[in-house]
Each structure stands twice: as structure tokens, then as C-alpha cells.
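This is what each chain is made of:
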Amino acid sequence: MSRRTKQDWLRGGFEVLTHQGSDALTVENLVTHMRVTKGSFYHHFGSLAQFRTELIAFLERSGFSDVIDTIPTHLPAAQQLALVTADLSRRDPVYDKAVRLWGEREPEAAALVARVDAARLTYLTALFTDLTGHPDQGRLFARLAYAFYLGTAQIQPRIMGQEYSDMIALLTRLLPQERP
């Protein structure tokens with residue numbers, strides 16, 4: 001059996017969460033998934049509770065909230081929106097879905113979802129307000145676009161790639177053509 005780093009364990013935990021659900025986040029399932037012994041798990045984490053807490057911090061840093069962190073904010077709003085759309089079209093929305101489902105049962109995960117939603121909606125509201133010239137419309141367009149993204153994980157087959165980009169382009173045509 002190979003040695004695993006703490007990062008390996010956290011990535012493995014995210015895989016388990018995504019593909020098997022939060023109930024599968026047990027030491028036994030994790031060591032089976034990672035193909036190592038329980039000793040390896042306890043070398044890095046004092047308890048399953050500590051692992052779960054560190055998994056939430058890992059998700060916040062590395063995969064769940066980084067969508068908007070990669071977009072240069074000095075660009076015009078339309079270019080930023082195009083970059084966000086391109087990034088999201090390459091992502092599998094099942095990752096967001098897994099964390100949200102966990103958040104329905106785990107207060108720490110729910111708090112993470114709330115923080116990420118607030119940050120993403122704040123960012124999108126600023127973009128759409130700039131595009132529409134109206135704060136109220138900007139907020140509504142932001143919520144519409146974000147609800148669309150979250151809903152892509154609910155439809156089978158999932159909406160990704162070119163289909164996602166095409167649907168966002170269609171929604172974008174609803175924006176006013178001229179700013180007031």
C-alpha cells in the first residue's frame with residue numbers, strides 16, 4: 001500500500017462524497033477507497049470529525065468556491081461573464097450538488113454552501129448590474145443565472161460543455177441591448 005498525504009485523503013474524501021454521498025464518509029469507506037490502512041487515516045486525522053472539518057476547509061479552498069477567483073476583475077463585465085461561462089461549461093455540476101446535499105445534513109457544510117452562494121451571487125450581481133445598468137435587474141439576472149447553473153446538476157444527462165454555453169448565450173440575449 002502506498003503512502004498518502006493529507007491532500008490525497010481530502011481529495012479522496014471529495015471523491016467519496018461526490019460519488020457515494022455523505023453517508024459514505026466513514027473511516028472504513030475512506031480507507032477502502034484510498035486502498036490504505038486505518039493507521040494511515042489516523043496518522044493525518046485524529047478523528048472522523050476532524051477529517052470532515054478539514055474536508056470542508058479543503059472544499060472551500062480548492063474546488064467549490066474557486067469559480068470566480070480565477071476571473072480577472074479588471075475586464076469588462078461581458079468578458080468576465082464569458083470567462084465564467086467558459087469555466088462552468090467545463091465543470092461537472094455534480095460536485096456542487098454533492099456538497100449541497102451534504103449541507104442538508106451537516107451544519108458546517110451548510111455554512112460553506114451559504115458562504116459560497118453569497119460570494120458567487122455578489123459577484124454575479126455586480127456583473128449583471130453593470131450589464132443592465134439597474135441594480136434590481138442585475139440581482140434578478142444573477143439569481144436566474146445561478147439557479148440555472150445549480151439546476152444543470154438535476155437534469156439527466158447533465159448539462160455541460162457546448163450545450164451549457166449555448167443555453168447561457170440564449171439567456172444572455174434576454175439582457176437589455178442598451179444601458180440606460
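These lines cover the structure that appears in this document, whether it is placed above or below. (Residues numbered from 1 in each chain as written. Predicted model: local features only at pLDDT ≥ 70, side-chain atom pairs only at ≥ 80, totals over all residues. Heavy atoms only, no water.)

1. Digging into the packing of aromatic side chains
On inspection of all chains with the given rule, the structure shows ten aromatic pairs. When the centroid spacing of 6.4 Å and the interplanar angle of 20° are considered together, the rings of Tyr146 and Tyr149 count as stacked. Of the two residues, Tyr146 and Tyr149 are both situated in helix α8 (residues 135-151); the distance of three residues between them amounts to about one turn of the helix. Of the two residues examined, Tyr146 and Tyr149, each falls in the buried class. When the ring of Tyr149 is compared with that of Tyr164, the centres are 6.4 Å apart and the planes differ by 90°; the resulting orientation is edge-to-face. Here the residue Tyr149 occupies a position in helix α8, and Tyr164 occupies one in helix α9 (residues 161-172), the gap between them amounting to 15 residues. Grouping residues by exposure puts Tyr149 and Tyr164 together as buried. (Phe/Tyr/Trp six-rings, centres within 6.5 Å; stacked < 30°, edge-to-face > 60°. Helix = DSSP H or I, 4+ residues; strand = E, 2+ residues; numbered from the N terminus. Buried < 20%, exposed > 50% of the residue type's maximum accessible area, 1.4 Å probe, protein only.)

2. Concerning the packing of helix α4 (residues 48-62) against helix α7 (residues 107-132)
The geometry of α4 relative to α7 is characterised by a closest axis approach of 10 Å and an angle of 10° between their N-to-C directions. Between α4 and α7, the angle falls in the class roughly parallel. For α4 against α7, the interelement crossing comes out right-handed. Facing α4, whose interface residues are Thr53, Ile56, Leu59 and Glu60, α7 presents Glu108, Ala109, Leu112 and Arg115. Taken together, the residues of the contact of α4 with α7 break down into four nonpolar, one polar and three charged. (Axes fitted to C-alpha atoms, helices over the stretch in contact; angles between N-to-C directions. Parallel < 35°, antiparallel > 145°, perpendicular 65-115°, else oblique. Left-handed = near helix turned anticlockwise from the far one by under 90°. Contact = heavy atoms within 4.5 Å. Nonpolar A, V, L, I, M, F, W, Y, C, P; charged D, E, K, R; others polar.)

3. With respect to helix α2 (residues 27-34)
Listed in full, the buried residues belonging to α2 are Val27, Leu30, Val31 and Met34. Take α2 and look down its axis: the buried residues cluster within an arc of 95°, on one side only. Directly after α2, the chain includes Arg35, whose backbone phi takes a positive value near 60°. (Arc of directions from axis to C-beta.)

4. Considerations on the nonpolar core
In terms of nonpolar packing, the biggest core is built from 49 residues, with Trp9, Phe51, Leu55, Leu59 and Phe128 touching the most fellow members. The element best represented in this core is α7, accounting for ten residues. (Core = buried A, V, L, I, M, F, W, Y, C linked by side-chain atoms within 4.5 Å.)

5. Some remarks on the environment of Ala111
Residue placement: Ala111 occurs in helix α7. Taking the relative accessible area as the measure of exposure, Ala111 reaches 32% and is therefore partly exposed. When the C-alpha atoms of Ala111 and Ile56 are compared, they prove to be 9.6 Å apart, with 55 residues separating the residues in sequence.

That is the geometry; function is a separate question.
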